[in-house]
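So you can see what is in the structure, the chains are spelled out below.
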Amino acid sequence: MIARVTLEIALRREFDYLVPEELRDLVDVGTRVKVPFGHRQVLGVVTEVADDSPHTNLKTVIRVIGGRSLVTPKILELARWIADYYCCPLEIALKSVLPESVRREKESWKKRLHVRALTPAEEVPKLTKKQEYVWNIIEEWRELPMAELVRLGETTPDTIRRLEDKGMVVISEQTIDRDPYANEQILPTQPLALNAEQAGALAAVLAALGEGPSADAGAAGSGGRGAHTFLLHGVTGSGKTEVYLQAIARCLELGRGAIVLVPEISLTPQTVERFKARFSSGPGRTLVAVLHSHLSAGEKHDEWHKIRQGRARIVIGARSAIFAPVDPLGLIIVDEEHEHSYKQEEAPRYHARDLAVLRGQREGAVVVLGSATPSMESYHNAVAGKYRLLELPHRADDARMPVVRVVDMRQETRRQKGSPIFSVQLREAILQRLERKEQTILFLNRRGYATSMQCPACGFVAECPNCSVALTFHRREQKLKCHICGYDSPAPAKCPEVKCGSREIRFAGLGTEKVEDALKQGFPQANVSRMDSDTLKRKEDYRRILTEFRVGKIDILIGTQMIAKGLHFPNVTLVGIIYADLSLHLPDFRAGERTFQLLTQVAGRSGRGDIEGEVFVQSFTPFHPAIQYARRHDFVGFYEQELEFRQQLKYPPVSRIAMITLKGRNEEKVAFLAEHLRKEMEPMLKELEDLVIAGPAPAPLARAETFYRHQLMLRTRHMGSLSRRLSGLLQHLKLPDGVTATVDIDPVSLF
Ligand code: ADP
Ligand code: ZN
Ligand code: ZN
């Protein structure tokens, strides 16, 4: 028996190994193995099993990891597809489909020793005083954990082993599940009576579920017709989650499992609890496994294996949970499908939402993409009939959509002297909430105190030595920091230019820290708290701040995008967006789309209770379409005008992008190679008739972490053909030392 193995060390090829007699039953396609390679031992995945090999002098598989095949044939196929489409070696794709803690040899089940009493023999052997005391306890309990017995009997494991020698007890090892949520008290919930819109959406999903796997499902590469992919477009608070929950319930009844993808940032205890409360409490409970980056390695190992063993049939997790070995799979839900965090920013650069659609087609599972602000790509697919569109245009709890007021900050700047942080309207609205004991959320997607440190005397601006960006001033720490590479240095008290040394240093631009200070000064009666990655140093901080906010200890919460998502606070009736233009002027064709999404999401935090919410959007470009459509809660209006712009420039969703980035410390070398690469690509222009190559040009972030970056952007509607050609080209491309090339297919950001 021969195992063909893809090794973890990237070599872009497979190697044959002999499978020894004693491992034959364990080795199959998808098994993790340890094999000799040169003088080392390395890990790999069996991708094929054969009777013989064209090679001679084969080495032998050393060990099998995890007991049985870990990469199921379906997941292996998915990995192959990723390698092809996203232009990466199979071993890189395979690394992503298993969590680190499952791939490694080290992690295993947690074991606990148990002591069990045997049926008493005719005559009890002679026991010492100590042994007798312990035996009495065991007799009473019949069975208990060793550690517990040691404690109760005030004894040692040795004494208990003596009892085993005498044949009175057996000591055995038992596996125990590490459950990251073991200490939570979760009250069960019942399905809600759906409103007509929800019922309509659910009925469509259930009808598709009832049809079961389509006849050609599973035939790899056959590709379904996408008839089972839904786009659930529902405003924030429209009750999408309740639709998911009831669809999952039906899916379980049909004997199939479900995967729920949530953006990492929304994977809060609150979110997990909603699923556990419906399925994991009370009688007939189903295990819900959670795959979350904050779990310990051991917990991740156990959660994953519970799924592999079929014990947990619902999985909730971030991006990589799309690889969860749920089988048979009936339903995949991708909540907040427009979120960019579904795209992995290192190789393999896959998009979990796109993989969800693909996996659903291959395994005959229904896919539901949900969002209040669908991506241009998904909505375009829905309009084109590739996905079925389901709409929930109203809030479920009858709360009205918040009133959104756009404040023209150009006028405010004239009205108040200097550059005000709060407009008069926003200031008054905050005061009103304080009087009424209601809560306010303020949003600014930039941390720190000031975005740059300048010297008006000589024009000096503090820049990162490693990246082409200005350093951000953090006042509490008195430091200048780079938000790209993490570089920091003490903030100088005077201009560092030797010839200048002026003490008139100016801090320009606005961050959350400065807003916090301004709030404390302007509203001394209020309890103010800030939430950004600077204030959340420890894991518990996030929870603590949210709890304090929920119980009303905090009146005003200022934060970055981490407060924009999925939080429910009925007492929040005011949301202020301090500087809406921030995301609007990024050099990225998706800037308008991102701004529209962000404004809509943040506004959705307001007025979830019985009181109507109010939202203030402060902007210097108040008439920008992204702001105006968000103000009117008009997604379709935004989509249509944005599509026109994308069509003119041939950007997604009317084409697809492959971005090639060359990086190196020597800028000339990088620029030269980018030109060279462009010439190599020219023949492709003839083969792919709609291909457009733009660049090379320096990336918007021209230098990051000491590396210069030059980009080539390729656009086509036929990405499959393009990525195949790119793989070939890049494999044969000889790059000199110090220059690397990366390919990003369907990038979500152009930096
Ligand atoms: P979404 O996921 O679309 O933002 P949620 O599922 O969080 O919306 O629902 C918003 C609120 O409405 C929640 O408090 C939820 O319990 C409530 N809700 C959802 N469906 C119903 C319903 N059919 N009847 C009453 N309340 C509902
Ligand atoms: Zn100076
Ligand atoms: Zn830097």
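The structure presented is a predicted model; accordingly, all values stated were derived computationally and were not measured.

Conventions adopted
- Residues numbered from 1 in each chain as written.
- Chains lettered and ligands numbered in written order.
- Predicted model: local features only at pLDDT ≥ 70, side-chain atom pairs only at ≥ 80, totals over all residues.
- Heavy atoms only, no water.
- Near = heavy atom within 4 Å.
- Polar contact = N/O pair within 3.5 Å; in protein donor to acceptor, adjacent residues only side chain to side chain.
- Areas by Shrake-Rupley, 256 points an atom, 1.4 Å probe, with all protein chains shown as cover.
- Helix = DSSP H or I, 4+ residues; strand = E, 2+ residues; numbered from the N terminus.
- Nonpolar A, V, L, I, M, F, W, Y, C, P; charged D, E, K, R; others polar.
- Buried < 20%, exposed > 50% of the residue type's maximum accessible area, 1.4 Å probe, protein only.
- Pairing = 2+ DSSP bridges.
- Donors = N, O, S within 2.8 Å, 3.2 Å for Na, K, Ca; no water.
- Tetrahedral: all angles 85-135°; square planar, octahedral: opposite > 155°, others 65-115°.
- 1 Å grid on protein atoms, 1.4 Å probe; cavity = no way out; pocket = protein on both sides within 12 Å on 5 of 7 lines; lining within 4 Å.
- Points joined across faces, edges and corners; volume = space filled by probe spheres on them.
- Expected span 1.5 Å × (residues − 1).
- Contact = heavy atoms within 4.5 Å.
- Axes fitted to C-alpha atoms, helices over the stretch in contact; angles between N-to-C directions.
- Phe/Tyr/Trp six-rings, centres within 6.5 Å; stacked < 30°, edge-to-face > 60°.
- Lys NZ or Arg CZ within 6 Å of the ring centre and 35° of its normal.

S.K.: Sorry if this is basic, but what is going on with the site of ligand 1 here?
M.R.: Taken together, 18 residues lie around ligand 1, and Ala193, Gln198, Gly237, Lys240 and Thr241 are the ones closest in. At 2.8 Å from a nitrogen atom of ligand 1 is found a side-chain nitrogen or oxygen belonging to Gln198. The contact in question runs from an oxygen atom of ligand 1 to an N or O atom on the backbone of Gly237, over 2.8 Å. When isolated, ligand 1 has an accessible area of 560 Å², and the protein chains bury 75% of it. Top element by residues in the shell around ligand 1 is helix α8 (residues 240-253). It accounts for 3 residues. Taken together, the residues of the shell around ligand 1 break down into 5 nonpolar, 8 polar and 5 charged.

S.K.: Just to check I follow, could you spell out the pairing of strand β25 (residues 556-559) for this structure?
M.R.: Side-chain positions along a regular strand alternate between the two faces of the sheet. Every second residue of β25 is oriented toward a common face, with Ile556 and Ile558 on one face and Leu557 and Gly559 on the other, all of them buried. Alignment of strand β18 (residues 439-443) against β25, held across 4 bridges, turns out to be parallel. Bridge pairing in β25 links Thr440 to Ile556. Here strand β24 (residues 528-531) runs beside β25; their pairing, made up of 4 bridges, is parallel. Paired with Val528 across the strands is Ile556, a residue of β25.

S.K.: Sorry, what's going on with the coordination of the zinc ion (ligand 2) here?
M.R.: Coordination angles at a metal have ideal targets, namely 109.5 degrees for four tetrahedral donors and 90 or 180 degrees for six octahedral donors. Around the zinc ion (ligand 2), the protein contributes the donor atoms Cys455 (SG), Cys458 (SG), Cys495 (SG) and Cys500 (SG), at 2.2 to 2.3 Å from the metal centre. Taken together, the 4 donor atoms coordinating the zinc ion (ligand 2) and their angles of 105 to 113° define a geometry best described as tetrahedral. Motif for the zinc ion (ligand 2), donor spacing along one chain: C-x2-C-x36-C-x4-C. Here Cys455, found in the loop between β19 (452-454) and β20 (472-474), pairs with Cys495, found in the loop between β22 (488-490) and β23 (506-508); they are 40 residues apart in sequence, far enough to count as distant. The same class applies to Cys455 as to Cys495, namely buried.

S.K.: Explanation requested: the coordination of the zinc ion (ligand 3) in the structure shown.
M.R.: Bound to the zinc ion (ligand 3) on the protein side are Cys464 (SG), Cys467 (SG), Cys482 (SG) and Cys485 (SG), at distances that span 2.2 to 2.3 Å. Bound by 4 donor atoms, the zinc ion (ligand 3) shows angles of 105 to 114° at the metal and therefore tetrahedral coordination geometry. If you list the donors of the zinc ion (ligand 3) from N- to C-terminus, the spacing comes out as C-x2-C-x14-C-x2-C. Taken together, the residues Cys467 in the loop between β19 and β20 and Cys485 in the loop between β21 (479-481) and β22 connect sequence positions 18 residues apart. By relative accessible area, which is 28% here, Cys485 ends up partly exposed.

S.K.: Got a minute to help me understand empty space enclosed by the protein in this structure?
M.R.: With the rule as written, the count across this model stands at 6 cavities of 30 Å³ or more. Space inside the second largest cavity adds up to approximately 80 Å³. For the lining of the second largest cavity, the element with the highest residue contribution is helix α17 (residues 591-603), accounting for 4 residues. Split by residue class, the lining of the second largest cavity holds 9 nonpolar, 3 polar and no charged.

S.K.: Hey, could you run me through helix α11 (residues 352-363) in this one?
M.R.: Note: α-helices contain 3.6 residues per turn, so residues at a spacing of three or four share the same orientation. End to end, α11 covers 16 Å across 12 residues, agreeing with the expected 16 Å (1.5 Å per residue, within 8%). Counting buried residues along α11, 10 of its 12 residues qualify, which places the element largely inside the surrounding structure. Buried within α11 we find Ala352, Arg353, Leu355, Ala356, Val357, Leu358, Arg359, Gly360, Arg362 and Glu363. Lining the buried residues of α11 we find α1 (73-85), β10 (229-234), β11 (257-261), β14 (329-335), β15 (366-371) and α12 (376-383).

S.K.: Hey, could you run me through the environment of Arg590 in this one?
M.R.: By the secondary structure assignment, Arg590 is in the loop between β26 (572-577) and α17. Owing to a relative accessible area of 6%, Arg590 belongs among the buried residues under this scheme. C-alpha of Arg590 to C-alpha of Met376: the two residues are 214 residues apart in sequence and 9.4 Å apart in space. Ignoring any residue separated from it by four or fewer positions in sequence, one finds Arg590 in contact with His340, Glu377, Arg646, Pro652, Pro747, Val748 and Ser749. Looking at Arg590, its side chain comes within polar contact range of the main-chain oxygen of Val748, at 3.5 Å.

S.K.: It is not clear to me how the sheet that holds strand β16 (residues 388-392) should be interpreted in this structure. Could you clarify?
M.R.: Strands in a sheet are paired, the pairing made by backbone hydrogen bonds, and the direction either parallel or antiparallel. Reading across the sheet, the 7 strands line up as β12-β13-β11-β14-β15-β10-β16 and stay open at both edges, with parallel pairing between neighbours. Of all strands in the sheet, those bounded by a partner on one side alone are β12 (287-291) and β16. Here the strands of the sheet are splayed against their neighbours by 20° on average, with no regard to which way each runs. Pairing analysis gives 5 bridges linking β10 to β15, with the strands arranged parallel. Bridging from a neighbouring strand, Thr229 pairs with Val367 of β15. Seen against the sheet, helix α10 (residues 297-308) touches β12 and β13 (312-317) and runs at an angle of roughly 130° to β12. Seen against the sheet, α11 touches β10, β11, β14 and β15 and runs at an angle of roughly 160° to β14.

S.K.: Honestly, the packing of aromatic side chains in this entry has me stumped. Any pointers?
M.R.: Between two aromatic rings, the relevant description is the distance of the centres plus the angle of the planes. This model, assessed by the stated rule, comprises 17 aromatic pairs. With a centroid separation of 4.8 Å and 75° between ring planes, the pair formed by Tyr379 and Phe635 is classed as edge-to-face. Linking Tyr379 in helix α12 with Phe635 in helix α19 (residues 635-649), this pair joins segments that are 256 residues apart in sequence. Taking relative accessible area as the criterion, Tyr379 reaches 6% and is therefore assigned buried. Taken together, a centroid distance of 4.7 Å and an interplanar angle of 65° make the contact between Tyr379 and Tyr639 edge-to-face. Of the two residues, Tyr379 sits in helix α12 while Tyr639 sits in helix α19, which places them 260 residues apart along the sequence. Residue classification places Tyr639 among the buried residues on the basis of a relative accessible area of 4%. Through successive ring pairs, a cluster of aromatic residues spans Tyr379, Phe596, Tyr629, Phe635, Phe638 and Tyr639. Note that Arg715 overlies the ring of Tyr651, its terminal NZ or CZ placed 4.8 Å from the centroid.

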